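Reading the structure
Below, each chain spelled out in residue letters.
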Amino acid sequence: MASRSDLSFWVFFTLLVIAHFILHVALGLRETAPDLLTVALLLGVRRTRSSVAAAIGLLLGLLQDSLSLSAFGADAVVLTLLGYAGARSRDLFEGDSLLFVAAFLFIGKWLHDFGYWLLARDPSASGFVSLFLVDVPIAALYAAVAGVVALLLYRASTGER
Amino acid sequence: MLDFDGSKKARRREAAIALGLLVVALTLWLLPAAFQSSVRKAIQGTVLSPFLSAQAVLSGRRASSVDVTEVRAQRDSLVAVVSAQATLSEENRRLRELLRLHARTGPSFIPAEVLQLGIGTAESTFMINVGSEEGVRVNSPVIAAEGLVGKVVEVRDHMSQVMDWTHPDYRASVMTVDGQSMGIAQARHDTDNREQDVLVINGAPFHTDLRPGQLVVTTGRGNIFPRGIPVGIVLAIDEADTGWRKSYLLRPMVRPEVVTSVLVGVGPVDADLSELWGSARAPDTTRVPPRSPGGRPARRDTSTVPITTTGQ
């Protein structure tokens, strides 16, 4: 049976996912809103089994892909892998400090964007260097900050450490 | 340390399940477009439906709150007024032009509001607030007052998804207004600044020479875009392909990111819309020539026969 803390975490997780779609779909914000879907996945997978983490990644990826015309399924593949790898990363790294969480979110978001680019890139597009050395790190930093702020709010409201 | 996966055996089981899920994801990714479309529609119609509906409502409210914004701007400062009115007058100008165009197109085009999507995976697409109930179908052309914006790719009851010309899969069969040169227009992306995306005409015959400033319109081939819709203006030659073909850069007539209202084609696609934009009607060398009294096809000018046969 799920504990109260588990329940409140998954409510927080759901709120992050809803916030992502409110910002990006309902309000139509693009890069001005952080990628809370990847943040939610990365925070969630640290608390669950690797198979469940992969399943969550698949479901979130499908939601994100449902508005994609040319690369349907690409985000599902990337988030499934990211979910599994994120859950397995517990074997390698452990930590709950905000700095650790920020670094985890930053790397996770960077890997997500890189994986998505590999699967769904436009062959006519150029500018790999500027994309992955400038644009993606900024987006990853934004996601990491947003994730840490969200986590702080969650910890403040639940008293969890 | 949290140990969710337990023993080695349990870890192997977890890995096997994750691998199965990855196979499912890969299968979805590699599915034919028709199957992907039905999955997409199902998700859009269920889980994402509240968010898409919310955007339609918010977009409507945003439009109706323009007056309030203007009043606030007047109150705040003169600079704000000037700035707000500049934006509003630009939007008004676009809407007036669209209305004029709509009056000319008649019932074969219906007006629609643009709902921009902020998801990275939906780049180069947007939603419109009309769907199959209003007569919209897959491949319906979408135009603005200045010219071609894109085409409808997914249709629901009262909402549709549009692929604009910046999408990597976008292709349009185009020609110069005089019908002398033809080719396939597609987007050329600038990753650093998507607002600098331009169109490229590929496959123009090498003997043709397009001059900067020439207007390029749709040919009407492929039963998607009616003939004569402005697509872009020739900027310069892009490259000459070892003796057979040339590519030209085009300045697109419409920037999708600034479009707020569009017209969606619900009539026959074999119409010639050249006169809507006042561009001269080009001789139609792309259609099957009429049969001569003797039953043999009439001769046509082979110098203008298109070199491409893709259907869009």
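This report concerns the structure included in the present document. Here, residues in each chain are numbered from 1, in the same order as that chain's written sequence. Chains and ligands are labelled sequentially in the order written, the chains with letters from A and the ligands with numbers from 1. In keeping with the model being predicted, local features are shown solely for residues with a pLDDT of at least 70 and side-chain atom pairs are shown and tallied solely at 80 or more, while totals for entire chains, interfaces and linings include all residues.

1. Here we look at the interface of chain B and chain A
C-beta atoms are first placed from the backbone for all residues, and any pair lying within 7 Å is then listed as a contact. With 43 residues of chain B at the contact, the number on the chain A side is 47 residues. Of all the elements, helix α1 (residues 8-30) of chain B adds the most residues to the side of chain B that touches chain A, at ten residues. Each residue receives one of three labels: charged for Asp, Glu, Lys and Arg, nonpolar for Ala, Val, Leu, Ile, Met, Phe, Trp, Tyr, Cys and Pro, and polar for the others, Gly being one of them. Its residues assigned to classes, the side of chain B that touches chain A shows 27 nonpolar, ten polar and six charged. Each helix is a run of H or I in the DSSP string that is no shorter than four residues. Each strand is a run of E no shorter than two, and both are numbered from the N terminus.

2. Things to note about the sheet that holds strand β2 (residues 125-128) of chain B
Residue and element names in this part refer to chain B. Should DSSP find at least two bridges between two strands, the strands are taken to pair. Read around the barrel, six strands follow the order β1-β2-β5-β4-β3-β12 and close on themselves; strand pairing throughout is antiparallel. In this sheet, neighbouring strand axes are inclined to one another by 40° on average, regardless of whether the strands run parallel or antiparallel. Here strand β3 (residues 141-143) pairs with strand β12 (residues 261-265) via two bridges, running antiparallel. By the bridge assignment, V142 is partnered in β12 with V264. Structural elements are reduced to axes, namely lines fitted to C-alpha atoms, with helices fitted over the stretch in contact, and the angle between N-to-C directions of any two is expressed from 0 to 180 degrees.

3. Here's the deal with unusual backbone geometry
Even without glycine at this site, S124 of chain B takes up a positive phi of about 70°. Among the structural elements, S124 of chain B can be located in the loop between β1 (109-116) and β2.

4. Side note on the packing of helix α4 (residues 74-88) of chain A against helix α5 (residues 98-120) of chain A
Residues and elements named next belong to chain A. Across the interface, α4 lies against α5 with an axial gap of 9 Å and an inter-helix angle of 145°. Crossing angle aside, the handedness with which α4 passes α5 is right-handed. Contact residues: A74, D75, V77, V78, L81, L82 and G86 in α4; G108, L111, H112, G115, Y116, L119 and A120 in α5. Tallied by class, residues from the contact of α4 with α5 come to nine nonpolar, four polar and one charged. Two helices that cross are described as forming a left-handed crossing if the nearer one is turned anticlockwise from the farther one by less than a right angle, and a right-handed crossing if clockwise.

5. Remarks on helix α6 (residues 128-158) of chain A
All names here are of chain A. Taking 1.5 Å of rise per residue, the 31 residues of α6 would be expected to cover 45 Å, and the 42 Å separating its terminal C-alpha atoms lies within 8% of that figure. We define the bend at any residue as the angle between the axes fitted to the seven residues before and including it, ending there, and the seven starting there. Its maximal kink placed at V136, α6 deviates by approximately 30°, while the proline P137 follows within four residues. Lining the buried residues of α6 we find α1 (4-26), α2 (36-45) and α5. Phi for G159, located one or two positions after α6, is positive at around 80°. In a helix, the anticipated span is given by 1.5 Å times the number of residues less one.

6. A short note on the environment of V174 of chain B
All names here are of chain B. Here V174 shows up in strand β6 (residues 172-176). Under the C-beta neighbour-count criterion, V174 is labelled buried, with 27 such atoms within 10 Å. Setting aside anything within four residues of it in sequence, one finds V174 in contact with M182, G183, A185, I201, V216, V217, T218, T219 and V231. Exposed residues have 12 or fewer other C-beta atoms within 10 Å of their own C-beta, buried residues have 20 or more, and residues in between are partly exposed; the C-beta atoms are placed from the backbone.

7. Structural notes on the nonpolar core
Think of a nonpolar core as buried Ala, Val, Leu, Ile, Met, Phe, Trp, Tyr and Cys residues, each tied to the set through C-beta atoms within 7 Å. Core analysis: the largest hydrophobic core is formed by 109 residues, its most contacted members being L148, V231, V262 and V264 of chain B. Those residues in contact with V262 of chain B that sit more than four places away from it in its chain are A112, V114, I128, V142, I143, A144 and V149 of chain B.

Structural measurements only, silent on function.
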